[in-house]
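Reading the structure
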Amino acid sequence: MNSSLVARLEYVADKMENLLIKYENIEPSKYKTSLVVSSKTNSIPMLVHLLDDSVEEKLQKFWELSKKIGGGIENVVEMLKSAFDAHRKFIWTACGREQPNSTEFANLVRDLSMKMAAITEFKEKSNRSSPIFDHISALEAAVCGLGWVAQSKNPATTVKDATETSLFYINRILVSHKGKTIITLIG
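Residues numbered from 1 in each chain as written. Predicted model: local features only at pLDDT ≥ 70, side-chain atom pairs only at ≥ 80, totals over all residues. Heavy atoms only, no water.

As for a nonpolar patch on the surface
What counts, and what does not: Patches draw on residues past 30% relative accessible area with no salt bridge. Two like charges within 9 Å are joined, as are two nonpolar side chains (Val, Leu, Ile, Met, Phe, Trp, Tyr) within 5 Å. Using the Shrake-Rupley algorithm and a 1.4 Å probe, accessible areas are obtained, with residue cover drawn only from the displayed protein chains. The rule for a salt bridge is simple: a side-chain nitrogen of Lys or Arg has to be within 4 Å of a carboxyl oxygen of Asp or Glu. The helix and strand labels rest on DSSP assignments: H or I over at least four residues marks a helix, E over at least two residues marks a strand, and numbering proceeds from the N terminus. Buried residues are those whose accessible area, probed at 1.4 Å on protein chains only, stays under 20% of the maximum for their type, while exposed residues exceed 50% and partly exposed ones sit between those limits.
On the surface, a cluster of nonpolar side chains totalling about 260 Å² of accessible area is made up of L167, I170 and L174. Mapped onto the secondary structure, I170 falls in helix α7 (residues 155-176). Its relative accessible area of 33% is what places I170 among the partly exposed residues.

Laid out in structure tokens, this is it:
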């Protein structure tokens, strides 16, 4: 594995560990002693375990809320879940692996790229006058952040740009509902 990819993965792992330590008061040594979490069925790389811990529950809640919103948003959220699954698979595959050549790397990232492209295509085919078009646009912008894995230099910029673009659409949604009575879906 090339040194920049290893460095990026180590950076992400450190950030996840720091978040867990900060917000869950978990003892740091729990994560420093092993790169693999054992389960009954298999061994999960620590980075994948940390990713699961930080994403899984939130994504499930998000999917449940999208069904309550309706209007087709649950379709794009299902595609988003699929993209996160492909991202997880890529991270798992990359853990502890030698640097792939460009053809192998393209094959490894293909599934994730296709899932991200499907969301973009869904957005492009959506009716721009739809009441959920900004919702779809926010999700499409956010999923682009998963492309950090293909960035050899400064992958954080990819995530930052995706977050900012997604927030632009989220703010449009908030502004369009300002002053309206909204049924609280959370809770």
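Quick notes on the pattern of salt bridges
Scanning all chains against the criterion turns up eight salt bridges. Put simply, K125 and E121 hold a salt bridge, and the shortest N to O gap is 3.0 Å. Of the two residues, K125 and E121 are both situated in helix α5 (residues 102-125); the distance of four residues between them amounts to about one turn of the helix. By relative accessible area, E121 is classed as partly exposed at 44%. Of the charged contacts, one joins K123 and E140 as a salt bridge, the two residues approaching to 3.6 Å between their closest N and O atoms. Of this pair, K123 sits in helix α5 while E140 sits in helix α6 (residues 133-143), and the two are 17 residues apart along the sequence. There is no split in this pair, since K123 and E140 are both buried. One salt-bridge network, in which partners are shared between bridges, spans K123, E124, R128 and E140.

Examining the environment of G96
The topology assignment puts G96 in the loop between α4 (73-94) and α5. Along the chain, G96 and P45 lie 51 residues apart, while their C-alpha atoms are 8.7 Å from each other.

A short note on α7
To be explicit about the condition: Given a helix with a known number of residues, its expected span is that number minus one, times 1.5 Å. Here the arc refers to the set of directions running from the helix axis out to each C-beta atom.
Compared with an ideal rise of 1.5 Å per residue, which puts 22 residues at 32 Å, α7 spans 32 Å between its outermost C-alpha atoms and is within 8% of the ideal. Within the span of α7, buried status applies to P155, T158, A162, S166, Y169 and I173. Along the long axis of α7, the arc covered by the buried residues comes to 75°, so they all point the same way. For α7, the exposed residues lying more than 90 degrees away from the buried face are L174 and V175.

Observations regarding the packing of aromatic side chains
Just so we agree on the cut-off: In this scheme Phe, Tyr and Trp rings, the latter by its six-membered ring, pair at centre separations within 6.5 Å, and the angle between planes marks the pair as stacked below 30 degrees, edge-to-face above 60, and tilted otherwise.
Throughout the structure, instances matching the rule amount to two aromatic pairs. Ring geometry for F90 versus F105: centroids 5.9 Å apart, planes at 90°, classification edge-to-face. Within this pair, whereas F90 is found in helix α4, its partner F105 is found in helix α5, the two being separated by 15 residues in sequence. Classification of F105 by relative accessible area gives partly exposed; the value is 21%. Here the aromatic rings of F168 and Y169 are separated by 5.1 Å at their centres, their planes lie at 80°, and the arrangement is edge-to-face.

Considering unusual backbone geometry
Phi at N154 takes a positive value of approximately 50°, unusual for a residue other than glycine. Mapped onto the fold, N154 is located in the loop between α6 and α7. Take N154: its relative accessible area is 52%, and that puts it in the exposed class.

In short, geometric facts, not functional conclusions.
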